[in-house]
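# Examination of the molecular architecture
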Amino acid sequence: MPHPLTGGPAPPAPLDTVDLVDQRLGNAGISGSASILEDMDPWALPQLKDTSQSWKELSAAGRALRVLVSFLKACGLLGGLYLFICSLDILSSAFQLLGSKVTRDIFKDDVALSNPVAGLVIGVLVTVLVQSSSTSSSIVVSMVASKLLTVRASVPIIMGVNVGTSITSTLVSMAQSGDRDEFRRAFGGSAVHGIFNWLTALVLLPLESAAGPLERLSALILGAASLQPGGHAPDILKVLTRPLTHLIVQLDADVLTGSATGNATNRSLIKRWCGTREQMTAGNSSHCGAAAGGPCLGTNDSASEEPLPCRHLFAGTALTDLAVGLILLAASLLVLCSCLVLIVKLLNSTLRGRVAQAVRTVINADFPRPFGWLSGYLAILVGAGLTFVLQSSSVFTAAIVPLIGVGVVSLERAYPLFLGSNIGTTTTALLAALASPSDMLLSAVQVALIHFFFNLAGILLWFVVPILRLPVPLAKHFGNLTASYRWVAIAYLLLCFLLLPLAAFGLSLAGAAVLAAVGGTLLVLALLVALVNVLQRHRPAWLPRRLRSWAWLPLWLRSLEPWDRLVRRCCPCKACSPPQAAAKEAHCYENPQVLASQQL
């Protein structure tokens, strides 16, 4: 049967399914194998069995040892999570150092900023480069306040910012690529966030370009409110991570924002001076200081401010921003992956037996009927609240992905948590906007409101009606593909966050007619292929005989196997190789007559 996304054969079954069929086919026959293959769900949460002794069977010394080990595991989890969050902060700083000049050049193109599709792509690329939606949003607010960008032109950029921030969770899922089933769940969990953001942007971008509903709604609410500049928004997470991250590197955000608003300088993005100290310069009266017990201002005396150097690792370095960015990128990725491996190992050893069952019950529980539909909305509120407390949607989503991988959180429960995270980060941005200076207050609040209504519209589109929750099945298909072909994860990253946005950017610069012709043709073709796939699965009799299967197409157009062989030939490493028994699975699924006539 062709795959609903690629038009090729369906993804291979999990390894444990094939092995189970091998063991049970002796007496069951082919019909038994078909039923087993249908019953096994690769997305079902795994059973984490507890093989250790029960508490009653332990001696006093054994109980004390277990308590000590549990305490050390808890400390390891907290310490690993803390270093993980700090490494995300350093990773964001590294990307800002590497992409600051590119970001400056992107925002200088006035023609591109006035194009909605180009604006969407710019938002995606800038957020991918700086790895911070807050930084990207602050740049947009500064440009709107400086009259360099209209509110209408800022809406597509805000949509792109929302899409670009989902790359962090996808990068985090790569750390679980060593285990096939964990990688399936982790990558699917990260992909559901990106797919939701992309679908929302693709639906709302044409609507916003035609009628401007987000701009009008935000302006209406802004006109009905009386706003005054307030205090600073709470920043709980930064208070915890700043003591460590500020010892490594500190960046001057005003340099990045100023370069985007036209105040470009050749200053380094690395912060070198952190405050000033008042210094008194003595005059002609030499006895004044001794008599008064200190310096005094005479006729020629003056007070000057002496800058205080910052105290971090790269404060006085002679390295360029690019070199520092590369060093920080390598170090932060190393720490990030190490912390993720540590967290996953500790979760696997801790969440077993009754503990795992209790945690799963709390996280994945539903309200009793007929109120079960409220569980998803409660998860949205929980995700929004936790993101508001953490002050970072990237940290929240990156922390949820390993839990999805080890089987503690289901994909269906993670989906509303991610949607709530989108809402939570907009409330944080709204509070930060209310703390803006009076000359930037209205612009900042309107941009924050547009960001909020964009995510709210996405929830109304892709969550309220259960049949329209398309990101979940699409994410499962991507997870199944990456479980069999791990290079698909890298292809997904490059296509969704780099190559396709750059292609759309180039087409948009070529003109609206070129973009409509090429984009419209590709969109119609994709819809036709999807429709034929659905009919092949459910109503094949409605199709012409030739379209009832894709067997007439070349193999490279309907299967990933030729591409997989090409990737393995170019990259003979273990990470690019298919998992064990993949060849047997692919042979069975690409040859239905084998399943119909032979045992596996």
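Basis of the calculations
- Residues numbered from 1 in each chain as written.
- Predicted model: local features only at pLDDT ≥ 70, side-chain atom pairs only at ≥ 80, totals over all residues.
- Heavy atoms only, no water.
- Helix = DSSP H or I, 4+ residues; strand = E, 2+ residues; numbered from the N terminus.
- Contact = heavy atoms within 4.5 Å.
- Areas by Shrake-Rupley, 256 points an atom, 1.4 Å probe, with all protein chains shown as cover.
- Patch = residues over 30% accessible without salt bridge, like charges linked within 9 Å, V, L, I, M, F, W, Y side chains within 5 Å.
- Salt bridge = Lys/Arg side-chain N within 4 Å of Asp/Glu carboxyl O.
- Core = buried A, V, L, I, M, F, W, Y, C linked by side-chain atoms within 4.5 Å.
- Buried < 20%, exposed > 50% of the residue type's maximum accessible area, 1.4 Å probe, protein only.
- Phe/Tyr/Trp six-rings, centres within 6.5 Å; stacked < 30°, edge-to-face > 60°.
- Lys NZ or Arg CZ within 6 Å of the ring centre and 35° of its normal.
- Lys, Arg positive; Asp, Glu negative; His and termini not counted.
- Polar contact = N/O pair within 3.5 Å; in protein donor to acceptor, adjacent residues only side chain to side chain.
- Axes fitted to C-alpha atoms, helices over the stretch in contact; angles between N-to-C directions.
- Parallel < 35°, antiparallel > 145°, perpendicular 65-115°, else oblique.
- Nonpolar A, V, L, I, M, F, W, Y, C, P; charged D, E, K, R; others polar.
- Left-handed = near helix turned anticlockwise from the far one by under 90°.
- pLDDT = per-residue confidence, 0-100.
- Expected span 1.5 Å × (residues − 1).

When its secondary structure is counted, the protein shows 25 helices and two strands. Partitioning the contacts of the protein with sequence separation of at least 6, the portion at a separation of at least 24 is 77%. Accessible surface for the protein amounts to roughly 30,300 Å². Of this, 66% is attributable to carbon and sulfur atoms.

Once that is clear, we can look at a nonpolar patch on the surface. Taken together, Phe367, Phe371, Trp373, Leu374, Leu378, Leu381, Val382 and Leu386 make up a surface patch of nonpolar side chains, about 780 Å² in accessible area. Within the secondary structure layout, leucine 386 lies in helix α15 (residues 374–390).

Looking now at the nonpolar core. Of all hydrophobic cores here, the largest spans 96 residues; its most connected members are Phe84, Met159, Leu328, Tyr415 and Phe497. Ranked by residue count, the leading element in this core is helix α18 (residues 441–462), at 12 residues.

Here the structure, examined in full by the defined rule, presents 12 aromatic pairs. Residues tyrosine 377 and phenylalanine 463 carry aromatic rings whose centres are separated by 5.4 Å and whose planes lie at 80 degrees to one another, so their mutual orientation is edge-to-face. Taken together, the positions of tyrosine 377 in helix α15 and phenylalanine 463 in the loop between α18 and α19 (471–484) put the pair 86 residues apart, joining distant regions of the chain. With relative accessibility at 27%, the residue tyrosine 377 sits in the partly exposed group. For phenylalanine 463, a relative accessible area of 2% translates into the label buried. An angle of 40 degrees between the planes, with centres 6.2 Å apart, marks the rings of tryptophan 550 and tryptophan 552 as tilted. According to the relative accessible area criterion, tryptophan 550 is buried, its value standing at 11%. Assessed through its relative accessible area of 38%, tryptophan 552 is described here as partly exposed. Here the aromatic residues Phe183, Phe187, Phe478, Tyr492 and Phe497 are joined through ring pairs into a cluster of three or more. Over the aromatic face of phenylalanine 463 sits the side chain of arginine 469, whose NZ or CZ is 4.0 Å from the ring centroid. Stacked on the ring of tryptophan 542, the Lys or Arg arginine 539 has its end atom at 5.7 Å from the ring centre.

The next thing to look at is the side chain of glutamate 208. Within the element layout of this structure, glutamate 208 appears in helix α8 (residues 180–211). No salt bridge is formed by the buried glutamate 208. Its closest oppositely charged neighbour is arginine 152, at 5.3 Å. A distance of 3.4 Å separates a polar atom in the side chain of glutamate 208 from the backbone nitrogen of glutamate 215.

It is possible for side chains of opposite charge to pair when their charged atoms get near one another. Tallying each qualifying case throughout the model produces five salt bridges. Linking arginine 568 and aspartate 564 is a salt bridge whose minimum nitrogen-to-oxygen distance equals 3.0 Å. Here aspartate 564 and arginine 568 lie together in helix α23 (residues 561–570), a separation of four residues that amounts to about one turn. Judged by its relative accessible area of 1%, aspartate 564 is buried.

This part is about unusual backbone geometry. With an omega of 5 degrees, the peptide bond between arginine 369 and proline 370 qualifies as cis. For proline 370, the position within the fold is in the loop between α14 (353–364) and α15.

Interhelical geometry of helix α20 (residues 487–510) versus helix α21 (residues 512–538) gives an angle of 135 degrees and a closest axis separation of 5 Å. One element, α20, and the other, α21, form an angle in the oblique class. When α20 is examined against α21, the residues Ala504, Leu507, Ser508 and Ala510 are found in contact with a partner set consisting of Val514, Leu515 and Val518. When the residues that make up the contact of α20 with α21 are grouped by side-chain class, the tally is six nonpolar, one polar and no charged.

Viewed as axis vectors pointing N to C, helix α6 (residues 151–164) and α18 meet at an angle of 50 degrees, and their least axial separation amounts to 10 Å. Our classification of the angle between α6 and α18 gives oblique. Once α6 is placed against α18, the crossing between them reads as right-handed. Taking contact as the criterion, the partners of Val151, Ser154, Val155, Ile158, Met159 and Asn162 in α6 are, on α18, Gln446, Val447, Ile450, His451, Phe454 and Asn455. Residues of the contact of α6 with α18, tallied by class, amount to seven nonpolar, five polar and no charged.

Another aspect to go through is the confidence of the model for the protein. A low pLDDT means the predicted coordinates there should not be read in detail. Summarising the model, the protein shows a mean pLDDT of 77, and 74% of its residues fall at 70 or more. Every residue in residues 1–39 scores below 50 in pLDDT, and together they form 77 contacts with partners more than four places removed in sequence or on other chains. Of the regions scoring below 50 in pLDDT, residues 289–295 engages in five contacts with residues more than four places distant in sequence or in other chains.

Under the 1.5 Å per step criterion, the end-to-end length of α21 is 38 Å for 27 residues, consistent within 8% with the ideal 39 Å. Along α21, the residues that are buried comprise Leu515, Val532, Asn533, Leu535 and Gln536.

For leucine 78, the location among the structural elements is in helix α2 (residues 60–107). Each C-alpha atom of the pair leucine 78 and isoleucine 343 lies 9.0 Å from the other, and the pair is 265 residues apart in sequence.

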